Amino acid sequence: MPISPVNSQFIPNASLSRSEMEELQRSLASIATFDDTPETPSPTALTDPIIIGVDQAFCDEQVISAVVAFRDGEIIERTYAVSPIELPYIPGLLAFREGGPICDALDTLTCTPDLALFDGSGRIHYRQAGLATHIGVIYDLPSVGVAKSLLCGTPQAPTDRRPVGWRTPIRADEQVDAQIGTTIGYAYQSKQYRPSATTSVNPLYVSPGHRVSAETATELVAALCTAYKLPRPTQEADRYAAEVKQTLR
DNA sequence: GCGACAG
DNA sequence: ATCTTGTCGC
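Residues numbered from 1 in each chain as written. Chains lettered and ligands numbered in written order. Predicted model: local features only at pLDDT ≥ 70, side-chain atom pairs only at ≥ 80, totals over all residues. Heavy atoms only, no water.

### Comments concerning the sheet that holds strand 4 (residues 115-119)
Right, so step 1: Read from one edge of the open sheet, nine strands run 3-2-1-4-5-9-8-7-6, paired in mixed fashion. The open sheet has two edge strands, strand 3 (74-84) and strand 6 (154-155), and neither has a second partner.
Right, so step 2: As paired strands, strand 1 (residues 50-59) and strand 4 are joined by four bridges and run parallel to one another. Bridging across to strand 4, Ile-52 finds its partner in Ala-116. (Pairing = 2+ DSSP bridges. Helix = DSSP H or I, 4+ residues; strand = E, 2+ residues; numbered from the N terminus.)

### Brief notes about the nonpolar core
Right, so step 1: In this structure, Ile-52, Leu-106, Ile-135 and Tyr-139 are the most contacted members of the largest nonpolar core, which totals 35 residues.
Right, so step 2: Taken together, the elements giving at least two residues each to this core come down to helix 1 (18-31), strand 1, strand 2 (62-71), helix 2 (94-106), strand 4 and helix 3 (131-139).
Right, so step 3: Excluding residues within four positions of it along the chain, Leu-106 makes contact with Ile-3, Ile-52, Val-54, Val-67, Ile-135 and Tyr-139.
Right, so step 4: Membership of the second largest hydrophobic core comes to 17 residues, among which are Leu-117, Val-206, Leu-220 and Val-221. (Core = buried A, V, L, I, M, F, W, Y, C linked by side-chain atoms within 4.5 Å. Buried < 20%, exposed > 50% of the residue type's maximum accessible area, 1.4 Å probe, protein only. Contact = heavy atoms within 4.5 Å.)

### Details of the protein's contact with DNA strand B
Right, so step 1: Residues in close proximity to DNA strand B total 17 residues, the closest being Tyr-89, Gly-92, Leu-94, Ser-121 and Lys-148.
Right, so step 2: Of all DNA strand B atoms lying within 4 Å of any protein atom, the proportion belonging to sugar or phosphate reaches 50%.
Right, so step 3: Taken together, the residues that form the surface near DNA strand B break down as nine nonpolar, six polar and two charged. (Near = heavy atom within 4 Å. Nonpolar A, V, L, I, M, F, W, Y, C, P; charged D, E, K, R; others polar.)

### Considering the protein's contact with DNA strand C
Right, so step 1: The immediate surroundings of DNA strand C are formed by Ala-57, Phe-58, Lys-148 and Lys-245.
Right, so step 2: One nitrogen or oxygen atom from the main chain of Phe-58 is found 3.3 Å from a phosphate oxygen belonging to DNA strand C.
Right, so step 3: Within the side chain of Lys-148, one N or O atom sits 3.1 Å away from a phosphate oxygen of DNA strand C.
Right, so step 4: Looking at the surface near DNA strand C residue by residue, the class counts come to two nonpolar, no polar and two charged. (Polar contact = N/O pair within 3.5 Å; in protein donor to acceptor, adjacent residues only side chain to side chain.)

### Examining helix 2
Right, so step 1: With 13 residues, helix 2 ought to run about 18 Å at 1.5 Å a step, and its terminal C-alpha atoms sit 17 Å apart, in line with that.
Right, so step 2: Its maximal kink placed at Gly-100, helix 2 deviates by approximately 25°, while the proline Pro-101 follows within four residues.
Right, so step 3: When you tally the buried positions in helix 2, you get eleven out of 13 residues, the bulk of the element.
Right, so step 4: Listed as buried for helix 2 are Ala-95, Phe-96, Arg-97, Glu-98, Gly-99, Gly-100, Pro-101, Ile-102, Cys-103, Ala-105 and Leu-106. (Expected span 1.5 Å × (residues − 1). Bend = angle between axes of the 7 residues up to and from the residue.)

### Comments concerning the packing of helix 1 against helix 3
Right, so step 1: Contact pair helix 1 / helix 3: the axes reach a minimum separation of 10 Å and the direction vectors enclose 65°. One element, helix 1, and the other, helix 3, form an angle in the roughly perpendicular class. As helix 1 runs across helix 3, the sense of the crossing is left-handed. Touching Leu-24, Leu-28 and Ile-31 of helix 1 are Thr-133, His-134 and Val-137, all from helix 3.
Right, so step 2: Here the contact of helix 1 with helix 3 is built from residues that sort into four nonpolar, two polar and no charged. (Axes fitted to C-alpha atoms, helices over the stretch in contact; angles between N-to-C directions. Parallel < 35°, antiparallel > 145°, perpendicular 65-115°, else oblique. Left-handed = near helix turned anticlockwise from the far one by under 90°.)

### Regarding the UniProt feature "site: Interaction with target DNA" (unreviewed entry) in chain A
Right, so step 1: What UniProt calls "site: Interaction with target DNA" (unreviewed entry) maps, in this numbering, to Tyr-89.
Right, so step 2: Among all residues touching Tyr-89, those that are not within four sequence positions of it are Leu-94 and Arg-97. (UniProt positions renumbered as here; feature names shortened; annotations may be inferred.)

### Regarding the UniProt feature "binding site: Mg(2+)" (unreviewed entry) in chain A
Right, so step 1: Within this numbering scheme, the UniProt entry marks Asp-55 and Asp-119 as carrying the feature "binding site: Mg(2+)" (unreviewed entry). Maximum C-alpha separation among the annotated residues is 5.9 Å over a sequence range of 65 residues, consistent with a single clustered spot. Of the annotated positions mentioned, Asp-55 and Asp-119 line the largest pocket.
Right, so step 2: Its location among the elements puts Asp-55 in strand 1.
Right, so step 3: Not counting the four nearest positions on each side in its chain, Asp-55 is found in contact with Ile-64, Ser-65, Ala-66, Asp-119, Thr-234, Ala-237, Asp-238 and Ala-241.
Right, so step 4: Within polar-contact distance, the side chain of Asp-119 engages the side chain of Lys-148 at 3.0 Å. (1 Å grid on protein atoms, 1.4 Å probe; cavity = no way out; pocket = protein on both sides within 12 Å on 5 of 7 lines; lining within 4 Å.)

### Here's the deal with the pattern of salt bridges
Right, so step 1: Evaluation of the coordinates by the stated rule reveals eleven salt bridges.
Right, so step 2: With its nearest N and O atoms 3.4 Å apart, the salt bridge here joins Glu-23 to Arg-26. Here Glu-23 pairs with Arg-26, and both are found in helix 1, just three residues apart, close to one helical turn.
Right, so step 3: Note on Arg-26: relative accessible area 35%, which makes it partly exposed.
Right, so step 4: Across the pair Asp-48 and Arg-71 runs a salt bridge whose closest N-O atoms are separated by 3.1 Å. On the criterion of sequence distance, the pair formed by Asp-48 in the loop between helix 1 and strand 1 and Arg-71 in strand 2 is long-range, its members being 23 residues apart.
Right, so step 5: The class of Arg-71 is partly exposed, set by a relative accessible area of 37%.
Right, so step 6: Each of Arg-18, Glu-22 and Arg-127 takes part in a single network of salt bridges with overlapping partners. (Salt bridge = Lys/Arg side-chain N within 4 Å of Asp/Glu carboxyl O.)

Below, the structure written as structure tokens:
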């Protein structure tokens, strides 16, 4: 059975004003769940749940939103949607640029995912409403945000030159709409840094999207990071989006 | 005015 | 995100 929007009032509308977008984010953040639920997949039993990775590629005025579904480490479905770009990139409003296209792609998925991984932040966001949280709430689906750089918040410890598996909490600071000190995610070293000093590998910034805790989100990403820096679902979605992009040229 | 800023 | 060749290193 396919998934469908549960909280459709949050489906991104690119024609809203900036303040209206921010207000909608505060509203959806208030109903987001940054804790594990009975339906949250267990990081130590990842053979049964269906996990999807979502990522985008851009081509002129269009966005290719790709979704790759996994079960027991195998790809069971791939789908995508091509949508018009309706908004430029604005830090803090990424969901209004990529969210619509992502919903277009998710609505063509035929399987029923138990968890979604997104390229971008979840709770690590000024209003605790990053892309992963936004889409997770719309479908009421457990979701995790995996960003390659930090949008806001402060790492508890310096993140440079850390060994694989190392992590440190990302704490809310004055620019985050949360009690200062709240753990809103983790920096996670998924790949070894270059001992050569001249080149280094930055950590991933993992945060809860919806219905998952920061700790479980990080454990899930750790379990899904195999050969690459990015977790498999996201890595494959990235590759698939690029593959589709070539087709459109 | 200055600095910061997911993709 | 995207524009882009070679090159250093495991």
